[in-house]
Amino acid sequence: MGCFNTLFILLLGGIYLFWPDLMQVEGFWFSFIAIWLCFFVSWALFGDIADEISGVNKYKDDEF
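Criteria and thresholds
Residues numbered from 1 in each chain as written. Predicted model: local features only at pLDDT ≥ 70, side-chain atom pairs only at ≥ 80, totals over all residues. Heavy atoms only, no water. Helix = DSSP H or I, 4+ residues; strand = E, 2+ residues; numbered from the N terminus. Buried < 20%, exposed > 50% of the residue type's maximum accessible area, 1.4 Å probe, protein only. Areas by Shrake-Rupley, 256 points an atom, 1.4 Å probe, with all protein chains shown as cover. Phe/Tyr/Trp six-rings, centres within 6.5 Å; stacked < 30°, edge-to-face > 60°. Core = buried A, V, L, I, M, F, W, Y, C linked by side-chain atoms within 4.5 Å.

Caption draft 1: The arrangement of the overall build of the chain in detail. When you go through the chain residue by residue, the secondary structure sums to three helices and zero strands. Each of the 64 residues in the chain was classed as buried or not, and the buried ones make up 9%. Split by element, the accessible area of the chain, about 5700 Å² in all, is 69% carbon and sulfur.

Caption draft 2: Inspection of the packing of aromatic side chains at higher detail. If you walk through the whole model with that rule in mind, you get six aromatic pairs. For the pair W36 and F40, a centre-to-centre distance of 5.4 Å together with 15 degrees between the ring planes defines the contact as stacked. Of the two residues, W36 and F40 both sit in helix α2 (residues 28-46), four residues apart, roughly one turn of that helix. An aromatic cluster is defined as three or more aromatic residues linked by ring pairs; in this entry it consists of F8, F28, W29 and F32.

Caption draft 3: Seen up close, the nonpolar core. Ranked by size, the top nonpolar core spans five residues in total: F8, I15, M23, F28 and F32. Every element with two or more residues in this core is listed here: α1 (2-18) and α2.

Here it is, written out as structure tokens:
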């Protein structure tokens, strides 16, 4: 998720620098936040948070 957030911020910065008129379009911010929220929900459901809730810890070594 960290890499995605970094790329998302770079994309937003690029739009701000090279195409600032796009930010004035109605629904731009709603769409931008909606896309980020979809990625966050998928990360939460299928990422490390879901593994932690289910009791699976892939980073922990098996102890015998």
